[in-house]
Amino acid sequence: GKARPTSARKKQRMTDIENLKVHDPFGATEDDDVASKSGYIHIRIQQRNGRKSLTTVQGLNTDLDFKKILKAVKKQFCCNGTIVEDPEMGQVLQVQGDQRSNLAGFLASEGLAVKENIKVHGF
């Protein structure tokens, strides 16, 4: 990459230090998201045609990198998925197939969510 002058490099380091403030990912958020307000992560299943189904994940922290999470999920569970922008729910992960228990285990093991805050619907 391009060499930055030392003043810019120092500035970068200062912002890194500022970003180390303690942030509670499940604390109250400023936005009026229905999903984030409760602090729960909802994993639901939607029936498609025949024996096909969709698994949706709502209420994930908005600071998380959804693309990275989706990539890891798709690789681990051999399924396709997408990120859907929902007006009242924010970003919702959609994964093909019934991946409810898989996703619940994945989110807990990766430390993206506390097991008590994950609500798996339809079981």
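Here the structure is shown first, and the text comes after it.
Criteria and cut-off values
- Residues numbered from 1 in each chain as written.
- Predicted model: local features only at pLDDT ≥ 70, side-chain atom pairs only at ≥ 80, totals over all residues.
- Heavy atoms only, no water.
- Salt bridge = Lys/Arg side-chain N within 4 Å of Asp/Glu carboxyl O.
- Pairing = 2+ DSSP bridges.
- Helix = DSSP H or I, 4+ residues; strand = E, 2+ residues; numbered from the N terminus.
- Axes fitted to C-alpha atoms, helices over the stretch in contact; angles between N-to-C directions.
- Contact = heavy atoms within 4.5 Å.
- Core = buried A, V, L, I, M, F, W, Y, C linked by side-chain atoms within 4.5 Å.
- Buried < 20%, exposed > 50% of the residue type's maximum accessible area, 1.4 Å probe, protein only.
- Phe/Tyr/Trp six-rings, centres within 6.5 Å; stacked < 30°, edge-to-face > 60°.
- Lys NZ or Arg CZ within 6 Å of the ring centre and 35° of its normal.
- Polar contact = N/O pair within 3.5 Å; in protein donor to acceptor, adjacent residues only side chain to side chain.

Comments concerning the pattern of salt bridges
Within this structure, the stated rule accounts for one salt bridge. In this structure, Arg100 and Asp98 form a salt bridge, with 3.0 Å as the shortest nitrogen-oxygen distance.

Topic: the sheet that holds strand S1 (residues 41-47)
Pairing within the open sheet is mixed, and its five strands lie in the order S3-S4-S2-S1-S5. Edge strands, defined here as strands with exactly one partner in the open sheet, are strand S3 (81-86) and strand S5 (118-120). On average, each strand axis in the sheet is inclined to that of its neighbour by 25 degrees, with strand direction left out of account. Pairing of S1 with strand S2 (residues 53-58), which is carried by six bridges, proceeds in the antiparallel orientation. In the sheet register, Gln46 faces S2, and the bridge partner there is Leu54. Helix-sheet contacts for helix H4 (residues 100-109) involve S1, S2, strand S4 (90-96) and S5, and the interaxial angle to S1 is about 160 degrees.

What about the nonpolar core?
Ile43, Val57, Leu60, Val73, Leu93 and Leu107 are the most contacted members of the largest nonpolar core, which has 18 residues in total. Of all the elements in the fold, those that place two or more residues in this core are S1, helix H3 (66-77), S4 and H4. By residue number, the principal contributor to this core is H3, which donates five residues. Here Ile43 is in contact with Thr55, Thr56, Val57, Arg100, Leu103, Ala104, Leu107, Ile118, Lys119, Val120 and His121, once residues within four sequence places are set aside.

Looking at the packing of aromatic side chains
This model, assessed by the stated rule, comprises one aromatic pair. The interplanar angle of 75 degrees and the centroid separation of 6.1 Å between the aromatic rings of Phe77 and Phe106 together place this pair among those described as edge-to-face. With a gap of 29 residues between them, Phe77 in helix H3 and Phe106 in helix H4 connect regions that are remote in the sequence. In this structure, Lys119 is placed above the aromatic ring of Tyr40, and the distance from its NZ or CZ to the ring centre is 4.1 Å.

Here's the deal with the side chain of Thr55
For Thr55, the position within the fold is in strand S2. A relative accessible area of 0% means that Thr55 is categorised as buried. Reaching out from Thr55, the side chain makes a polar contact with the backbone oxygen of Gly97 at a distance of 2.4 Å. Apart from the residues within four sequence positions on either side, Thr55 is in contact with Ile43, Arg44, Ile45, Leu93, Gln94, Val95, Gly97, Asp98, Gln99, Arg100 and Leu103.

What about the pairing of S4?
With four bridges connecting them, S2 and S4 associate as antiparallel partners. Looking across to S4, one finds that Thr55 is bridged to Val95. Pairing of S3 with S4, which is carried by six bridges, proceeds in the antiparallel orientation. Pairing of Ile83 across the sheet is with Leu93, part of S4. Hairpin geometry of S3 and S4 is characterised by an intervening segment of three residues between the two adjacent antiparallel strands.

Observations concerning unusual backbone geometry
Phi at Cys78 is positive, roughly 50 degrees, even though this residue is not glycine. In this structure, Cys78 sits in the loop between H3 and S3. Owing to a relative accessible area of 71%, Cys78 belongs among the exposed residues under this scheme.

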